[in-house]
Structures are given as C-alpha cells and as structure tokens.
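# Chain and residue survey
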Amino acid sequence: MKDFSKKELAMNNGKNGAPAFIAYKGKVFDVSKSFHWQKGNHQVLHDAGEDLTERLSEAPHGVELLERFPVVGTLI
Amino acid sequence: MAKVTREMVEKSGIDVDQLVELLVKNAAAELTTFYYYTILRINLIGLKGEGIKEIAETARIEDRNHFEALVPRIYELGGKLPQSMNEFHDISACPPANLPDDPTDVEAMLEVLVGAERCAVRGYTHICNMTAGKDHRTYDLSQSILNEEIEHESWFSEFLGEGPSGHFLRRGETSPFVSKFLR
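Here the structure is a predicted model, which means the values were calculated and not measured.

Attention now moves to the interface of chain B and chain A. Facing nine residues of chain B, the contacting portion of chain A comprises six residues. It is helix α2 (residues 16-43) of chain B that contributes the most residues to the side of chain B that touches chain A, four residues altogether. Within the side of chain B that touches chain A, the residues separate by chemical class into three nonpolar, three polar and three charged.

Rendered as structure tokens:
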C-alpha cells in the first residue's frame, strides 16, 4: 500500500493515460477500469484525483459501489 | 434553443451546461440500452427465458421512448447530440448491457437487465435531485422516466427472487408516465 499526498492523488486524474484514483475516508481506490469513470470523469460532476468523501453523501449510491474497486493506498 | 427557458433554468442556480451534458449521457444510455435489450430479448428463449421475454420487450420499447422524450428537452436547453453512434456509446451514463457469455443462463441475463435498470434509477434520481424546485420541466420529465425505470427494476428483481414487485405488467400501452412527453 502506498501513501498518497493530495498532490500525488491529483496526478492520478484519469487523463492523458494516467490511472483514475479517488479517495474516500482515507482510502485510495483505483477506478480506472470502471465504465463510469472514463477519462477520469464521473457523471459530469466528479473528477478523479480528488478526495470525494464529502461528495459521496450527495450521490445516488453508497460506498458499496466504490468498494468493488481495488484499494491502492492511503490518503495522508 | 428556447432562450427564455434556458434563462429561467440558469436563474434558478442550475449549471445548465452540466445539466445538458447529464441529459445527453442519459439519452445515450437509453439508446444504447434499446440496442442491447434487442439482443437480450431475442435470446430470452426456452422454458425459463420465455417468461421474461415480454417484460424485456416492454423495457426495451420504453427505453427508446425515454430517448425520444429526452431529445426535445436537450434541444430546448441549447444542447446537441453526438454526431456518431460510436460517441453515443462511449458517453453513455450506464455501461453496455452486454449479452452474457452463456446466453442460456437466464439468471445472468436478469443480472444484466437489473443492473442496467439500477444504473438508470440512480441516474434519474440524481437529475431529479438537481432539478427539484428549480427546473420544473426537466424535473417532470426525469421523474416520469424514473417512475418507469423503477418499475423495470422491480420486474426483473422479482424474477431474481428478491421479492414481489407489487404490480402487474403493462396491459397494452407502454410508457404510462412518459407518454405525455411523446405526443
């Protein structure tokens, strides 16, 4: 498991061949293989490379969909 | 574009470009689902599959209706649709509802169908939340579509043994909620 700073997380934004990582409650998930995160964007409103802990409560789904993807590190 | 219509939605505090993009992505999901459901429906055969064929067909036709109902709203708000079918497929708000590797596996078929409907239910719930009390026409349209997507989900989930849907299948006419947008 790797420790990610916010800056390192932001580099994994799913654009220009970069993987798409997002953080939730300190865990960093790799959503690169998700159809819903193509080009690092999710349903127009959310970008990869960000900590989405606050935003998930507004989403029409819970953490269970996020937990389908591998955890690749911790947000420090 | 309906200039004042767009202005009113902007004044309500909604990011109209963002909303239009979401509507286009959901329209793309409806159109591609119509295509994938055609293949799924054709493959729902045999003792187990035949019983599901009719509701898959209803869901297929209603998804096409949803696409047709969404398009005018996209144009009213100043949006446009992709020029190519490839782009439509790639921007879809929901993943492709592919035929399972084993098309005789009816349970796998149902998982695909219910997965597609659940994606749609989440998508329209989100649009309803965004537009409630602000963009009345998009809200009305999204809520109407949501009503039908919820019924589709419950039909398929019933066959998966998740409990009764509590209502009957369509009798004749399709799109009881969305038809007012198709006149």
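Quick look at the nonpolar core now. Core analysis: the largest hydrophobic core is formed by 43 residues, its most contacted members being Leu23(B), Ala27(B), Ala28(B), Leu40(B), Ala56(B), Leu110(B) and Leu113(B). Only α2, α3 (46-76), α5 (106-131) and α6 (136-159) of chain B provide two or more residues apiece to this core. Top contributing element to this core by residue count: α2(B), with 12 residues. In contact with Leu40(B), other than residues within four places in its own chain, are Ala56(B), Ala97(B), Leu99(B), Met109(B), Val112(B) and Leu113(B). Formed by 11 residues, the second largest nonpolar core is a distinct cluster that contains Leu9(A), Ala23(A), Val28(A) and Trp37(A).

Attention now goes to the packing of α5(B) against α6(B). Residue and element names in this part refer to chain B. Where α5 meets α6, the closest approach of the two axes is 8 Å, and the angle between their N-to-C directions is 155°. The orientation of α5 relative to α6 falls into the category roughly antiparallel. For the crossing formed where α5 meets α6, the hand is left-handed. Of the residues contributing to the contact of α5 with α6, the split by class is 14 nonpolar, seven polar and four charged.

Right, let's get into the packing of α3(B) against α6(B). All names here are of chain B. Between α3 and α6, whose axes approach to 11 Å, the crossing angle comes to 165°. Between α3 and α6, the interaxial angle falls into the category roughly antiparallel. In this structure, the crossing between α3 and α6 has a hand that is left-handed. When α3 is examined against α6, the residues Ile-52, Ile-55, Ala-59, Glu-62, His-66, Ala-69 and Arg-73 are found in contact with a partner set consisting of Arg-137, Thr-138, Leu-141, Ile-145, Glu-148, His-152, Trp-155 and Phe-159. The residue inventory of the contact of α3 with α6, partitioned by class, reads eight nonpolar, three polar and four charged.

The terminal C-alpha atoms of α6(B) lie 35 Å apart, and with 24 residues this matches the ideal 34 Å at 1.5 Å per residue to within 8%. Positive backbone phi, approximately 85°, marks Gly161(B), located one or two places after α6(B).

Moving on, we come to the pairing of strand β2 (residues 21-24) of chain A. Residues and elements named next belong to chain A. Sheet topology note: the β2/strand β3 (residues 27-30) ladder contains four bridges and is antiparallel. From the neighbouring strand, Tyr-24 faces β3, where its bridge partner is Lys-27. In textbook terms, the turn of a hairpin is the stretch between consecutive antiparallel strands, and for β2 and β3 this stretch comprises two residues, one of which, Lys-25, has a positive phi near 45°.

A few words now on unusual backbone geometry. For Val44(A), which is not glycine, the phi dihedral falls at a positive 70°. Structurally, Val44(A) can be placed in the loop between β4 (41-42) and β5 (46-47). C-beta crowding within 10 Å serves as the criterion here: with 18 such atoms nearby, Val44(A) is assigned to the partly exposed category. Look at Ser175(B): it is not a glycine, yet its phi comes out positive at around 50°. Counting through the fold element by element, Ser175(B) comes out in the segment after α6.

For the rest of this paragraph, the subject is the confidence of the model for chain B. Residues of chain B with pLDDT of at least 70 account for 100%, and the chain-wide mean is 96. Taken together, the chains of this predicted complex give a pTM of 0.91 and an interface ipTM of 0.80.

Turning our attention to α5(B). When the terminal C-alpha atoms of α5(B) are compared, their 37 Å separation across 26 residues agrees well with the 38 Å that a helix rising 1.5 Å per residue should span. Where α5(B) terminates, the next one or two residues include Gly133(B), which has phi positive at roughly 75°.

To continue, consider the pairing of β3(A). Sheet topology note: the β3(A)/strand β6 (residues 71-75) of chain A ladder contains three bridges and is antiparallel. Its bridge partner being in β6(A), Phe29(A) is matched across the sheet by Val71(A).

Rules of the game
Residues numbered from 1 in each chain as written. Chains lettered and ligands numbered in written order. Predicted model: local features only at pLDDT ≥ 70, side-chain atom pairs only at ≥ 80, totals over all residues. Contact = placed C-beta atoms within 7 Å. Helix = DSSP H or I, 4+ residues; strand = E, 2+ residues; numbered from the N terminus. Nonpolar A, V, L, I, M, F, W, Y, C, P; charged D, E, K, R; others polar. Core = buried A, V, L, I, M, F, W, Y, C linked by C-beta atoms within 7 Å. Buried ≥ 20, exposed ≤ 12 C-beta atoms within 10 Å, placed from the backbone. Axes fitted to C-alpha atoms, helices over the stretch in contact; angles between N-to-C directions. Parallel < 35°, antiparallel > 145°, perpendicular 65-115°, else oblique. Left-handed = near helix turned anticlockwise from the far one by under 90°. Expected span 1.5 Å × (residues − 1). Pairing = 2+ DSSP bridges. pLDDT = per-residue confidence, 0-100.

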